[in-house]
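Examining the three-dimensional arrangement
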Amino acid sequence: MTPKRTVLSNGMVLLTSEQRTLPMVSIELLMDAGSVHESAPQAGLANLTARLLTYGTKRRSALQINETLDFIGASLEAACGQDTASLSMTVLKKDLATGLELLADVLTQPTFPQAEIDRQKQAIIATIRATEENPGAVAGKAFAAAIFPQSPYGRPVEGTEATVKTLRQKNLQDFFARYYRPNRAIIAVVGDVSEQEIASLLNTALRSWAKGEPSAVTTVPVKIGPAKLVRVNKELTQANIVMGQSGVARDNPDYYAIQVMNYVLGGGGFSSRAMDSIRNERGLAYSVYSFFAAEKNHGTFEFVMQTKNESALEAIRIANDEIRRMREEPVSEQELNDAKDYLIGSFPLRFDTNRKVASFLAQVEYFKLGLDYPDRYADLVRNVNRQEVLRVAKQYLHPETLITVIVGNLKKIAEK
Amino acid sequence: MFWQPGVRCVLTIFFFGVALSNLHAAQVQEFVLDNGLKVLLLEDHKSPAVTFQVWYRVGGRNEKDGKSGLAHFLEHMMFKGTPNTGPEEYSRIIAKNGGRSNAFTSSDMTVYFATMSREKIGIDLDLEADRMANALLGEQYFEPEKKVIQEERRLRTDDNPGSALSEVAGAVAFMVHPYRRPVVGWMEDIEKLTRQDLVDFYKLYYAPNNAFVVIVGDFSTDEILPKIRNAFEKIARDADAPKVSVQEPEQQGERRVILKKEAELPFLLMFYHAPNLQSADSFALDVLSVVLAGGRSARLYHELVYEKRLVRGVDADYSRVSVDPMGFSITAQLLPGIQPANVEREIYGSLEKIKSELITERELQKAKNQIEAAFIFDQDSIFGQAMKLGYYEITGGWRQLDAYLDGIRKVTREDIRRVARQYLDGDRRTVGTLIPTKQQ
């Protein structure tokens, strides 16, 4: 990976890494156009806008876009998260010009045709319904709503059936005009193309794309919901459990010590305490893990597992014990070293394909980690010691503030 | 689809008929040790890692009725140590050395793999050789692990409406062949398995002459071959494991299955028996699956999702690379308020068109372009390449990869129509419908 960074004349940040062994190019574009920018009555607007990008431009209908992409065997996917929206493209080198032209087209000239809006609204509402039969997703949604009440971060990106129904073409056009601007965008291009070639192609393709309102620099304070138990009744054989609380944003200097601490607790797979006590010793779960999601302005800590209804309360008790234990005693020297060795040793595996490199570079830029981040990572982790791990456990794990979500057969759960 | 892989960590892989380029296949080197262990090596220096995989020619197919889930249970227990390595220590050693490891079981195979740096991959070689010969399958871990597997079944199947439908439909589409059994096992079978079952199965099937090794990535053949010999050559060849040779009787009439389950939206699944890569028709079947649902402009997707707004999405999957013939499936989750019978009718209408009128030249070329592009993109991952090599080797020989692209390029519009008529025939079809029920 040999990354280069430029800022195009329209303000878009371009990251590139040449990789000539395969005749393919992977592109990852991030736009500061996530659901955090929408109001509660218009929940789902950012997502619907992102979806509509590939369903019609001034030059091409949705059908023409589909046909063009399929004929060259390329993919172009739009997605939307809470902070950013994204466009991801994979294309053969020989079709790069077509791919880029198409990308520029959907990015700058979407027309939001009414028929397509109707189609996608129906599709999104179906997705919202379908999510209800995914117990893990139901648990995740309930957790988010409880931890960040009255905040865009507490709402699902898709919105609700009621709010999606109200969205109009003008809403989409306004949202697009305000938030889809080159100076709010990061694009990472990896593969069989040089930096000069891609910069030149992009400058040409995007020459008429005007700058807009820049990304806001201030962080948004987020109200944290109080500890509670949330129960959702579903006819399931398992209880799907999420226990969590507020975490840290990505730029918190404790981030690396937290990663090491979390590895020991539940992020380290079969090297973690959660896996040992809940899965290996007691056979209570197949999947059990914890993580700190560290985003631009906010973050969460979550402990996630699924166990048969009858053992839900026991599993929750053990999880609480493990969280408490992290706060009370330092981790062992071996646990500390195992965590650091994995984080440092496996780091290159995060970018061992073109697509992963593109994603990685975009994230590094978004979180302002610096192009030298891969070189600095080892030392950042190596510097974490047992006292640091204990300190961040005490500072960031608070069992008394945990929000616990249980989705399952509540009658069977309570019987025990 | 019917062979639901059971894995240790969350990993599910489906590979349907995509292969390496001719150029790449020519770069694969094959060695066979004296004890019968085949070794396939593919150097690839664009990524900073090496993936090492051990493929055992054993899976759900080798189980007996009443003991389903045995191969998958054994896969779990392989992580519980040897005389040299403590329980769960395998995974910890790999992780401590900056690697990632996992395993999965299907009806046809059990595969253990790790990805690590060039400097560290030798560690995995030794660990895999050790557990091929010396796995303890300790009694004290047996009951807890059984519980873990039961949770896995609940997570992947019992509480997952689409998978649950797939499981029931599979048991009906295949009346006789082991493909009818779920790999994770029926819940009652898992409950009754004993440690002795595992030990017998391990002794019978885990031997160097019933396995092969695949290595792809940033290594040097000259450096790694002596390490492989050193690790594996001392394991003695075993008696040849019994091969399962079961022929599914020809289906002569449609089968229908309904599953009622708590869910939000109806789900439709159609399965047609079809040959695998041993048939010359397999290339056309592959192309047909892309013509039907390979992208947003593909026939079924365009008609059912976009034009008529009947379903959320539609997939057409052809199981080309399997040990015994599997089939061709079409699956769709319906939009709210839509009747399954209507969607069925629309799908049959689409299929009738393909059986009567030739597809256009452009459609054919488009599908071929998609397949060719995909297999270049697939080479972006050393793990993906190793998996492909493994799948081909398990089903008849890795060299069959060489024939893939040529076979695809030669498919004609007449071939498409012919295989659609021959194999997408109502009499060879099993239809599964999920009817959502609402909780009280």
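Source: prediction; values computed, not measured.

Before going further, it helps to spend a moment on the overall build of chain B. Each helix and strand in chain B was counted, giving 16 helices and 12 strands. Compactness check: chain B gives a C-alpha radius of gyration of 22 Å against a globular reference of 22 Å for 440 residues, within 12% of the reference. Principal-axis analysis of the C-alpha atoms gives chain B an extent of 60 × 55 × 40 Å. Total accessible area computed for chain B in this model is approximately 15600 Å², and 50% of it derives from carbon and sulfur atoms. Placing the 56 positive and 62 negative side-chain charges of chain B at their respective mean positions leaves the two points 3 Å apart.

Residue and element names in this part refer to chain B. When you line up the elements, A274 lands in the loop between strand 9 (267-273) and helix 10 (282-293). It is 39 Å that separates the C-alpha atoms of A274 and G99, two residues lying 175 residues apart in sequence. Those residues within four positions of A274 in sequence are excluded, and the remaining contacts are L285, Y318, P325, M326, G327, F328, Y423 and R428.

Ordered by their spatial adjacency, six strands build an open sheet running 1-2-6-3-5-4 (chain A), and the pairing between neighbours is mixed. The strands lining the two open edges of the sheet, one partner per strand, are strand 1 (3-7) and strand 4 (75-80) of chain A. Geometrically, the sheet is characterised by an average inter-axis angle of 15° between neighbouring strands, direction not taken into account. Across five bridges, strand 1 of chain A lies against strand 2 (residues 13-18) of chain A in antiparallel orientation. Considered in strand 2 of chain A, the bridge of V7 of chain A is made with V13 of chain A. Helix 13 (residues 361-378) of chain B contacts strand 3 (24-31) and strand 5 (85-92) of chain A of the sheet and is inclined by roughly 105° relative to strand 5 of chain A.

Residues and elements named next belong to chain B. Relative to each other, helix 5 (residues 139-158) and helix 6 (residues 161-173) sit at 95°, their axes nearing to 7 Å. What the angle tells us is that helix 5 and helix 6 run roughly perpendicular. When helix 5 is examined against helix 6, the residues R153, R156 and T157 are found in contact with a partner set consisting of S163, A164 and E167. Of the residues that constitute the contact of helix 5 with helix 6, the class distribution is one nonpolar, two polar and three charged.

In low-pLDDT regions, the fine details of the predicted coordinates are not to be read closely. Residue and element names in this part refer to chain B. The pLDDT averaged across chain B works out to 93; a share of 94% of its residues lies at or above 70. Contacts of residues 1-7 to residues separated by more than four positions or lying in other chains number 47 contacts, the stretch itself having pLDDT below 50. Across residues 9-23, where pLDDT falls below 50, the model places 57 contacts with residues more than four positions away in sequence or in other chains. Note on the complex model: pTM 0.95, ipTM 0.96.

A few words now on the pattern of salt bridges. On inspection of all chains with the given rule, the structure shows 67 salt bridges over all chains. For D276 of chain A, the salt bridge identified is with R92 of chain B, shortest N-O distance 2.8 Å. Remark: R92 of chain B occurs in helix 3 (residues 89-96) and D276 of chain A occurs in helix 10 (residues 273-280); the pair is interchain, linking two chains. E388 of chain A is paired through a salt bridge with R391 of chain A; the nearest N and O atoms lie 3.0 Å apart. Separated by three residues within a single helix, E388 of chain A and R391 of chain A lie in helix 15 (residues 386-396), roughly one turn from each other. Each member of the salt-bridge network shares a partner with another, and the members are E30, K38, R57, E393 and R399 of chain B.

Rules and cut-offs
Residues numbered from 1 in each chain as written. Chains lettered and ligands numbered in written order. Predicted model: local features only at pLDDT ≥ 70, side-chain atom pairs only at ≥ 80, totals over all residues. Heavy atoms only, no water. Helix = DSSP H or I, 4+ residues; strand = E, 2+ residues; numbered from the N terminus. Rg over C-alpha atoms; globule rule 2.2 N^0.38 Å. Areas by Shrake-Rupley, 256 points an atom, 1.4 Å probe, with all protein chains shown as cover. Lys, Arg positive; Asp, Glu negative; His and termini not counted. Charge placed at Lys NZ, Arg CZ, Asp CG, Glu CD. Contact = heavy atoms within 4.5 Å. Pairing = 2+ DSSP bridges. Axes fitted to C-alpha atoms, helices over the stretch in contact; angles between N-to-C directions. Parallel < 35°, antiparallel > 145°, perpendicular 65-115°, else oblique. Nonpolar A, V, L, I, M, F, W, Y, C, P; charged D, E, K, R; others polar. pLDDT = per-residue confidence, 0-100. Salt bridge = Lys/Arg side-chain N within 4 Å of Asp/Glu carboxyl O.

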